[in-house]
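For reference, the chains in residue letters:
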Amino acid sequence: MEHALKTPRETSSPDPTRRPQTVVRPAEESGTPQVKMRTELLRAWFGPTEVLKGISLPILKNRVTAIIGPSGCGKSTLLRCLNRMHEVVPGARVEGKAYLDEQNIYEASVNPIRVRQRIGMVFQKANPFPTMSIRNNVLAGLRLQGVRPRSPDELVEKALRQAALWDEVKDILDRSGVSLSGGQQQRLCIARALVLEPEVLLMDEPCSALDPIATAKIEDLIYELRNSYTVVIVTHNMQQAARVADFTAFLYLGELIEYDKTDTIFRTPRDPRTEAYITGRFG
Amino acid sequence: MSIHTAIPAHLPARTALHERRRLTERLVGAVLFACAIVSLITTVGIILVLIVETAGFFQEVSLRDFFGDTQWTPLFAKKHFGIWALVAGTALTSAIAVFTAVPLGLLAAAYLSEFAEERVRRVLKPIMEILAGIPTVVYGYFALTFVTPLLQKVVPGLAGFNALSPGLVMGIMIFPTIASLSEDALYAVPTSLREAAYALGATRLATTFRVVIPSAFSGIVAAIILGVSRAVGETMIVTIAAGQQPRFTFDPRVPVETMTAYIVQVSLGDTPTGTLEFRTIFAVGMMLFVFTLALNMVAHRLRQHILKGSLW
């Protein structure tokens, strides 16, 4: 019943002077949640440039963790290190550890493909496969992994419902994925990630290219997803972090400055740099 | 109107200098137009000659004799004008070339674009493109004096002149074209699509064959069609190594003659101009032209379909 208090739809006209409204949590959730992932002194480079300088960050199970910080602070890189996507870029390098259920995913014996099958990702720019229909986009992950689902139609419907897209596309499933609007494409990409039932869902500024209405839909969705998934979201939009995240990490120049409950970060930040950033004095 | 071309209204509009500039501009424009029109005039001229001569040919030979016969013996006493004998030669050698070059070219392109390190790619691609610069007469002798004797050891009943050897060598000739253009198409596929596939837990192989290659399909089709047109129009290799015996057959072991090789044969021989025998080459040329035009149109249509996404 406390769900009714939650009002994540504040996107249409964010008032920059007003303090962002934070999420009120149901009481039973206030116990100590499990740690789903954590990084330990994680460092990352692009060529000679060190973009992450030793990040140690916990990611709690069934919670939404937001990573905020000014452009170029390394927040997207940190996210991409969590499912070993950083190393896909030529010249990129990672050191340190990242644990998924106490297994270091950077150990030599770990296959990055297996890691990515367990940790889904949604990108900043919606990237549905242009050669595939909406239906096949949803099933793409399974097909690419060589899995033949026994009842594909059910899976498609379930994932699209979870992504709050089903009603809009149920009659046009055979149309190309790129025929949808930007916001719909992004929700299609979320459905594509959800169909694999990942344990963790990483979202890299998923709303940065979307209008306020589409953003509100995706934010609602993220709030729903935390019931079954662990979500990490990178955002440059502090109101968004305040609306959707249980925990927030503030990154600055490749370092983790502060990590705490979202409420604490926004109301009583300990570090002056965090305060300067959230009050809009730099960024 | 941009500020650079605006002439202030209060200045005298037509000074002598202004007039001269205008004249120069028009002259330059005319010269450039003339250059552009040369290609158009040439094309139109060639098509006109082809049409006129072909029309002359068909006044003496009926369409029935041309399309309804499989023997081509215009230079003999007992004349037959069955074009299918030459079409079969072209189709057979081109098909062998395409079946050699397409798999080879696609795999090479996939390797260079998706698997090779940037360093390897930068060395290998230019080397491969050098292959495309070898004069075809060299390929022709390579087919006749090296590939054919080699093939004769493994293929029983292979004649000294045959369709197989020049077909394979033509495949090697068009392979760099197909590989290089396909590689361009693959390389141009946005990284975001590869990342999407990787993030879904796909291997590099699955990403290449199920995401990148389908996304580059229109470019690959264009590359293949270009390769096919080159094979259909290729003259030297087949003239040298396929023999010059028009024959309606799909047996790759026996001598055949392609449309192009026939044109060479008549042009170089002592057939007097203006005779029916001489005019045959225009009729054959017309066929060749229609073929390549049709190929290009198919390619164009295919592209349109793919761009609209209706093939998937």
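Residues numbered from 1 in each chain as written. Chains lettered and ligands numbered in written order. Predicted model: local features only at pLDDT ≥ 70, side-chain atom pairs only at ≥ 80, totals over all residues. Heavy atoms only, no water.

Let us now look at helix H6 (residues 164-187) of chain B. Residue and element names in this part refer to chain B. In this model, H6 (24 residues) spans 33 Å end to end at C-alpha, consistent with the 34 Å of a helix rising 1.5 Å per residue. The largest bend in H6 amounts to roughly 35 degrees and is located at Ile174, with the proline Pro176 lying one to four residues further along. Counting buried positions along H6 gives 19 out of 24 residues, so the element sits mostly inside the fold. (Helix = DSSP H or I, 4+ residues; strand = E, 2+ residues; numbered from the N terminus. Expected span 1.5 Å × (residues − 1). Bend = angle between axes of the 7 residues up to and from the residue. Buried < 20%, exposed > 50% of the residue type's maximum accessible area, 1.4 Å probe, protein only.)

What follows deals with the packing of aromatic side chains. All names here are of chain B. With the rule as written, the count across this model stands at 15 aromatic pairs over all chains. Ring geometry for Phe57 versus Phe66: centroids 5.7 Å apart, planes at 75 degrees, classification edge-to-face. For the pair Phe57 and Phe66, a shared accessibility class is recorded, and that class is buried. On the numbers, 5.0 Å between centres and 85 degrees between planes, the contact of Phe66 with Phe67 is edge-to-face. A residue is classified by how much of its surface remains accessible, and Phe67, at 37% relative accessible area, is partly exposed. A connected cluster of aromatic rings, assembled from ring pairs, spans Phe57, Phe58, Phe66, Phe67, Trp72, Phe81, Trp84 and Tyr262. (Phe/Tyr/Trp six-rings, centres within 6.5 Å; stacked < 30°, edge-to-face > 60°.)

Our next topic: the interface of chain B and chain A. Residue-level contacts link 17 residues of chain B with 24 residues of chain A. Carbon and sulfur atoms supply 67% of the area that chain B and chain A bury against each other, a total of about 1,700 Å² over both sides. On the chain B side of the contact with chain A, Glu195, Ala199 and Leu200 of chain B bury the most area, a combined 35% of that side's loss. At the junction of chain B with chain A, the criterion picks out 1 salt bridge. Ionic pairing is found between Glu195 of chain B and Arg80 of chain A, a salt bridge with its closest N-O pair at 2.6 Å. Scanning the region where chain B abuts chain A turns up 5 residue pairs in polar contact (both at pLDDT 80 or more). Breaking the side of chain B that touches chain A down by element, the ones donating at least two residues are helix H7 (191-199) and helix H8 (204-215) of chain B. Looking at the side of chain B that touches chain A element by element, the count peaks at 7 residues for H7 of chain B. (Contact = heavy atoms within 4.5 Å. Buried area = accessible area lost by both parts, 1.4 Å probe. Salt bridge = Lys/Arg side-chain N within 4 Å of Asp/Glu carboxyl O. Polar contact = N/O pair within 3.5 Å; in protein donor to acceptor, adjacent residues only side chain to side chain.)

Moving on: empty space enclosed by the protein. All names here are of chain A. Inspection of every chain in the model, using the stated rule, returns 2 cavities of 30 Å³ or more. The space that makes up the largest cavity amounts to roughly 50 Å³. Lining the largest cavity we find Leu155, Lys158, Ala159, Gln162, Leu194, Val195 and Glu197. Considering every element that reaches the lining of the largest cavity, the biggest residue donor is helix H4 (residues 152-162), with 4 residues. Of the residues assigned to the lining of the largest cavity, the class counts are 4 nonpolar, 1 polar and 2 charged. One number sums up the size of the second largest cavity: a volume of about 40 Å³. (1 Å grid on protein atoms, 1.4 Å probe; cavity = no way out; pocket = protein on both sides within 12 Å on 5 of 7 lines; lining within 4 Å. Points joined across faces, edges and corners; volume = space filled by probe spheres on them. Nonpolar A, V, L, I, M, F, W, Y, C, P; charged D, E, K, R; others polar.)

It is worth spelling out the pairing of strand S1 (residues 35-46) of chain A at this point. All names here are of chain A. One ladder, built from 3 bridges, connects S1 with strand S3 (residues 58-60); its direction is antiparallel. Directly across from Met37, in S3, lies its bridge partner Ile59. Pairing analysis gives 8 bridges linking S1 to strand S5 (residues 92-100), with the strands arranged antiparallel. If you follow Arg38 over to S5, its bridge partner there is Tyr99. Pairing geometry for S1 and strand S2 (residues 49-55), over 5 bridges, is antiparallel. If you follow Leu42 over to S2, its bridge partner there is Ile55. The loop that links S1 with its antiparallel partner S2 comprises 2 residues; one of these, Gly47, has a positive phi angle of about 55 degrees. (Pairing = 2+ DSSP bridges.)

If you add up the space inside the largest pocket, you get close to 650 Å³. As for the largest pocket, its lining consists of 23 residues, of which Val88 and Pro90 of chain A together with Glu114, Tyr198 and Arg204 of chain B are closest to the centre. Counting residues per element, the ones that place at least two in the lining of the largest pocket are helix H2 (112-118) of chain A together with helix H3 (84-115), helix H4 (118-131) and H7 of chain B. Residues belonging to the lining of the largest pocket are distributed by class as follows: 11 nonpolar, 3 polar and 9 charged.

Taken as a whole and judged by the stated rule, the model has 35 salt bridges over all chains. With a closest N to O distance of 2.9 Å, Lys36 of chain A and Asp101 of chain A form a salt bridge. Of this pair, Lys36 of chain A sits in strand S1 while Asp101 of chain A is found in the loop between S5 and strand S6 (103-104), placing the two residues 65 residues apart along the sequence. We note a salt bridge from Glu197 of chain A to Lys158 of chain A, for which the minimum N-O separation is 3.2 Å. Within this pair, whereas Glu197 of chain A is found in the loop between helix H6 (182-194) and strand S8 (200-204), its partner Lys158 of chain A is found in helix H4, the two being separated by 39 residues in sequence. Among the charged side chains, a network of salt bridges with common partners joins Glu118, Arg121, Lys125, Glu183 and Asp184 of chain B.

Attention now goes to the state of the cysteines. Residues and elements named next belong to chain A. Enumeration according to the criterion identifies 0 disulfides over all chains in this entry. Unpaired in this structure, Cys189 has its nearest cysteine sulfur neighbour in Cys207, at a distance of 12 Å. Assessed through its relative accessible area of 3%, Cys189 is described here as buried. (Disulfide = S-S within 2.5 Å.)

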